[in-house]
Amino acid sequence: MSAVYGDAADLPANAQAVEYAKICFAYGAGYYQIPGTDTCLNFSGYTRFDAYINATGGFNPAIASVADTMFASPGAGVSGYPLVTKTAPTYLAHVRSVFNLDARTATDYGVFRSYIRISGEWDSEAGVGGPPGGVFDFERAFIQLAGFTFGYTQSFFDSGVQYMFTQHYGGSNKTTLIGYTLPLDAGLSLWMSLEDPVNRTTGTQDAPASGTFTNGTQLTGLNGIVYADTQSGRQAPDMVFNVQLDRDWARLMVSGALHNVSGITPTGYDGILYPGAGTMSTWGGALGLSAEFQLPMLAPGDSIYFQYNYANGALSYLGLSGSYEGRVTGLGRITLNGTSPSGGFYPIADAIWTGSDYAKETGWALETQFRHFWQPNLRSSAYAGYVRIDVPANAVFSPSNLSLLPAGALFNDGFSVEVAQVGVNTVWSPVKNLDLGVEVLYSKVNGSLPLTSGIIAGTPQAGTLALFGGSVGVWAGGVRAQRNF
């Protein structure tokens, strides 16, 4: 007689007990021990839908060169930052999923931690003027042990506080670094790092911001206004430090950075025959102050944040890209009505050519953010920020340029440009881990130069167009649905 299905005789003779994952209480909720190891793992992330108006991926308002997706559309003959025409897109849709893996192991040297954050996204315009598409992104990856951090993560210069959807112009940055954190007494700690400057380098400028065109009545082929970046290869890492005080009622931070500024000497100057034959090198830097205060007397979870940054030859430390990654070389937005421009555009750089050397540009940024919980599942945030950049006297417009565009002398005399922003959002969480929100942001780019454009090479039918000056205000906004897990 055949054995009954499921009878004990059918089981392997040497069956092993199943080992189940155990909760790791030492690291908080959500950590489980990997069976057969002494490592505890946490898996988390989110899935998000965004729809933006006058902004691009990462909710970056369309006033900077890193937001170039908003300045071109398929089939456009005139396109590219900072130019906007009737063919330019007015909104973008963006779907993003982020996955975090946090692995921790207890050792004789403290907790040994490895962290990875990767993401995938789908955009209604995957590239400038292109069709929709998806892309994977490597957002963070680092190792920590005995106070050391190795990998790609938040810069030690920044606090990383962000109440808004928008990556505003006073914000933060990520980079590759080697760092060390030294805990002191009573919540005080010292942080030091050597950081890759690739995401912190704005550039060096030795010529006007311009674009080439054919067919002067239609500006055919004019694909943006940019300057040729004469930044030399990275010569040294940024040296960054901060001192933090973390208490129940507040988090205070003072930070500083040294940033190498090096530019290729223009050919034709002082016997230089080819690019790279000579290099000017100096050091710039930045200082930062930030404070976040808890306000439970207003409502549980309420808080307010202040930040002030100063930069000399290191403008990225002012958060000017409006992005965690990427370098910005211009601020503004120009609307083309036929061939007549309106709006404002100002090129910016860490340093600018004076005719014999590079002079560092300076700036400062001030921002505040406030978050209030109307109810445990309903909150609003408000933001106000101001950034100012001062560009010294320079020799960007050469005598031959000035013969065609005399107003270029105004640029050469030096100028200032500022960005002022105000914004507000409201987020409702009808169920746990679901956020439904809406945000609006107004950005104003204004400077000390009148809007000026003109030919600096060639003819009115086919040549090189230079453009600078003016002012422009841009409303941006969007809606968001995000499920956290």
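As the structure is a computational prediction, the values presented were derived from the model and not from experiment.

## Observations concerning the sheet that holds strand E13 (residues 204-205)
Strand order in the open sheet formed by three strands is E13-E21-E22, with mixed pairing between adjacent strands. Each edge of the open sheet carries a strand with a single partner, namely E13 and strand E22 (358-360). Pairing of E13 with strand E21 (residues 351-353), which is carried by two bridges, proceeds in the parallel orientation. What sits directly across from glutamine 205, in E21, is isoleucine 352.

## Some points on the side chain of serine 316
Within the secondary structure, serine 316 sits in the loop between strand E18 (303-312) and strand E19 (330-337). Residue serine 316 is classed as buried on the basis of its relative accessible area, which comes to 10%. Setting aside anything within four residues of it in sequence, one finds serine 316 in contact with Asn173, Asn199, Arg200 and Thr202.

## Quick word on unusual backbone geometry
Following tyrosine 81, the chain continues to proline 82 via a peptide bond in cis, the omega torsion being 0 degrees. Tracing the backbone shows proline 82 in the loop between strand E5 (60-61) and strand E6 (83-84). Positive phi, normally seen in glycine, also occurs at aspartate 270, with a value near 55 degrees. Considering the arrangement of structural elements, one finds aspartate 270 in the loop between strand E16 (250-264) and strand E17 (279-294). Positive phi is not limited to glycine here, since asparagine 433 has a value of about 75 degrees. With respect to the helices and strands, the residue asparagine 433 is situated in the loop between strand E25 (415-428) and strand E26 (434-447).

## Concerning the confidence of the model for the chain
When pLDDT is averaged along the chain, the result is 89; 92% of the residues meet or exceed 70. When the criterion is pLDDT under 50, residues 1-15 qualifies, and its contacts beyond four places in sequence or with other chains add up to three contacts.

## A look at the pattern of salt bridges
Summed over all chains, the structure comprises 11 salt bridges. Between arginine 96 and glutamate 121 there is a salt bridge, with the nearest N and O atoms lying 2.2 Å from each other. With arginine 96 in strand E7 (residues 91-107) and glutamate 121 in strand E8 (residues 110-123), the pair connects residues that are 25 residues apart, well separated along the chain. This pair shows no difference in class: arginine 96 is buried, exactly as glutamate 121 is. Through salt bridges with shared partners, a single network forms among Arg96, Glu121, Asp137 and Glu139.

Conventions used here
Residues numbered from 1 in each chain as written. Predicted model: local features only at pLDDT ≥ 70, side-chain atom pairs only at ≥ 80, totals over all residues. Heavy atoms only, no water. Pairing = 2+ DSSP bridges. Helix = DSSP H or I, 4+ residues; strand = E, 2+ residues; numbered from the N terminus. Buried < 20%, exposed > 50% of the residue type's maximum accessible area, 1.4 Å probe, protein only. Contact = heavy atoms within 4.5 Å. pLDDT = per-residue confidence, 0-100. Salt bridge = Lys/Arg side-chain N within 4 Å of Asp/Glu carboxyl O.

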